[in-house]
Amino acid sequence: MSKLLAVFGATGQQGGSVINYVLNNPELSQKYKIRAITRDLDSESAKKLKEKVEVVQGDVYNRSSLEKALTGVDTVFAMTAPSLGKHGNEIEYNNGKTIADVTVEKGAKYIIFSTLPSVQDISGGKYTKVSTFDAKAKVEQYIRSLPIKSAFYRPGSFMQNFAAQAFLAPKKSEDGTWFMSRHTSPAALIPLVDAVGDSGKFVGAILAEPDKYEGKTFSAATALYSLEEIVKIMSKATKKTIVYKQISLDDFKKSIPFAGEIFAEVFSFAEEFGYFGPKTEELVAWAVKNAPGKLSTFEEYLDSHPLHLE
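Just so it is clear, the model here is predicted, and its values are computed rather than measured.

**Considering the packing of aromatic side chains**
The final tally for this structure, using the stated rule, is 16 aromatic pairs. Ring centres of Tyr225 and Phe298 lie 6.1 Å apart, and the angle between their planes is 65°; on these two criteria the pair is classed as edge-to-face. Of this pair, Tyr225 sits in strand β12 (residues 223-226) while Phe298 sits in helix α14 (residues 298-304), and the two are 73 residues apart along the sequence. Tyr225 sits in the buried class, given a relative accessible area of 7%. Looking at Lys245, its charged tip hangs above the ring of Phe179, at a distance of 5.0 Å from the centre.

Written out as structure tokens, the structure is:
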């Protein structure tokens, strides 16, 4: 008999990737029946999803909707949306805690949570503004204390972000050339992952062998890329001259339309401590080794998802 897998963020990049991977995997599609959870059942993406799987309404701010959505569920893939306001850390943590509490209360056996490293803890309190990371790390810590089996998916920087977050993409100079600017060294390393194409592979490894990966964390990325390597790959893919330009911390913050402190501290932290902490390279290598199938390189991603610079 199939186990019921509930997927949060079902219409988004990570949740959608998990759903597609399970549906297209001969073994997992037999092992799991999917229940997609979304806040808006009337959205176009939710309507399309209904053609493939069961779709139910679930809102983290409406506990009763979560209780209904998680009834009869065996395994949960959970994630929380960032909250960038004044109390963002507390809000996101409480949302994650609510999902975890209801998961346990409804009798689920296993939870997979999309997490991130604690920037504040790893940096010894040097970087304190990255609430989007710290909140997820705190939720992970809470889940580990609960009477339920758990494992964790910890993604690197999304390859999709260069198009989705235009303020981080290359910009055009007056002379017609292009540049990508950060305040960190061109040698600073960033782990890149195709969130849509490959999230499901990492999570799928856990779903295939939940006992093997209980308590484990997949620090998910295809590889670590230096900022200089990233612009070279972009140059080749777009057939435009793109260079890396290191600017001041203040100028970088000014170039970000919102949450400048958060973005600045993320890049500073990654350069100084490693995106996933001091053992980033080792952690990424383990995740790659344990992920089923081939992962998309950044070159391959840009071939299939052209970056349009205008």
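Structure shown, so let's carry the discussion forward.
**Focus: the packing of helix α5 (residues 88-105) against helix α7 (residues 131-144)**
Running from N to C, α5 and α7 point in directions that differ by 30°, and their axes come no closer than 8 Å. By the angle between their directions, the pair α5 and α7 is classed as roughly parallel. Where α5 crosses over α7, the two elements pack in a sense that is right-handed. For the pair α5 and α7, contact is made by Asn89, Glu92, Tyr93, Gly96, Lys97, Ala100 and Asp101 and by Ser131, Thr132, Asp134, Ala135, Lys136, Lys138, Val139, Tyr142 and Ile143, respectively. Among the residues forming the contact of α5 with α7, the class breakdown is six nonpolar, four polar and six charged.

**Concerning helix α9 (residues 195-208)**
With 14 residues, α9 should reach 20 Å at 1.5 Å per residue; the first-to-last C-alpha distance of 19 Å fits that figure. The element α9 is extensively covered by neighbouring structure, given that 11 of its 14 residues are classed as buried. Taken together, the buried positions of α9 are Ala195, Asp198, Ser199, Gly200, Lys201, Phe202, Val203, Gly204, Ala205, Ile206 and Leu207.

**Structural notes on unusual backbone geometry**
Phi is positive for Lys239, which is not a glycine, with a value near 60°. Along the polypeptide, Lys239 turns up in the loop between α10 (227-238) and β13 (242-246).

**Re the UniProt feature "domain: NmrA-like" (unreviewed entry) in the protein**
Within the UniProt annotation, "domain: NmrA-like" (unreviewed entry) is assigned to residues 1-302. Taken as a whole, residues 1-302 contains 44% helix and 20% strand, while its terminal C-alpha atoms sit 41 Å from one another.

**As for the side chain of Thr184**
Residue placement: Thr184 occurs in the loop between β9 (178-182) and β10 (189-193). In this structure Thr184 touches Leu227, Tyr244, Gln246, Phe267, Ser268 and Glu271, once residues within four positions along its chain are discounted.

**A look at the packing of helix α1 (residues 13-24) against α9**
Their axes nearest at 7 Å, the elements α1 and α9 cross at an angle of 60°. The angle between the axes of α1 and α9 places the two elements in the oblique class. Here α1 and α9 pass one another in a crossing that is right-handed. Two secondary-structure elements touch here, α1 through Gln13, Gln14, Ser17, Val18, Tyr21 and Val22 and α9 through Ala195, Val196, Gly197, Asp198, Ser199, Gly200, Lys201, Val203, Gly204 and Leu207. For the contact of α1 with α9, the residue count by class is seven nonpolar, seven polar and two charged.

**Describing the sheet that holds strand β4 (residues 75-78)**
Taken together, the seven strands give an open sheet; going across it, the order is β3-β2-β1-β4-β5-β6-β11, and neighbouring strands pair in parallel fashion. The open sheet has two edge strands with one neighbour each: β3 (54-57) and β11 (217-220). Averaged over neighbouring strand pairs, the angle between their axes works out to 20° when direction is ignored. Examined bridge by bridge, strand β6 (residues 149-155) and β11 share four bridges and lie parallel to one another. Counted as the bridge partner of Phe152 is Thr217 from β11. On top of the sheet, α1 reaches β1 (3-7), β2 (32-38), β4, β5 (110-114) and β6; it is set at about 160° to β2, its chief contact. Strands in contact with α7 are β5, β6 and β11; relative to β5, the strand with the most contacts, it is inclined by about 165°.

**Let's talk about a negative patch on the surface**
On the surface, a cluster of negative charge is contributed by Glu228, Glu229, Glu299 and Asp303. Taken together, the elements giving at least two residues each to the negative patch come down to α10 and α14. Tracing the chain through its elements places Asp303 in helix α14.

**A few points about α1**
Over its 12 residues, α1 runs 16 Å from end to end, which matches the ideal 16 Å to within 8%, given 1.5 Å per residue. Looking at α1, one finds that the buried residues are Gln14, Gly15, Gly16, Ser17, Val18, Ile19, Tyr21 and Val22.

Cut-offs and rules
- Residues numbered from 1 in each chain as written.
- Predicted model: local features only at pLDDT ≥ 70, side-chain atom pairs only at ≥ 80, totals over all residues.
- Heavy atoms only, no water.
- Phe/Tyr/Trp six-rings, centres within 6.5 Å; stacked < 30°, edge-to-face > 60°.
- Helix = DSSP H or I, 4+ residues; strand = E, 2+ residues; numbered from the N terminus.
- Buried < 20%, exposed > 50% of the residue type's maximum accessible area, 1.4 Å probe, protein only.
- Lys NZ or Arg CZ within 6 Å of the ring centre and 35° of its normal.
- Axes fitted to C-alpha atoms, helices over the stretch in contact; angles between N-to-C directions.
- Parallel < 35°, antiparallel > 145°, perpendicular 65-115°, else oblique.
- Left-handed = near helix turned anticlockwise from the far one by under 90°.
- Contact = heavy atoms within 4.5 Å.
- Nonpolar A, V, L, I, M, F, W, Y, C, P; charged D, E, K, R; others polar.
- Expected span 1.5 Å × (residues − 1).
- UniProt positions renumbered as here; feature names shortened; annotations may be inferred.
- Pairing = 2+ DSSP bridges.
- Patch = residues over 30% accessible without salt bridge, like charges linked within 9 Å, V, L, I, M, F, W, Y side chains within 5 Å.
- Areas by Shrake-Rupley, 256 points an atom, 1.4 Å probe, with all protein chains shown as cover.
- Salt bridge = Lys/Arg side-chain N within 4 Å of Asp/Glu carboxyl O.
- Lys, Arg positive; Asp, Glu negative; His and termini not counted.
- Charge placed at Lys NZ, Arg CZ, Asp CG, Glu CD.

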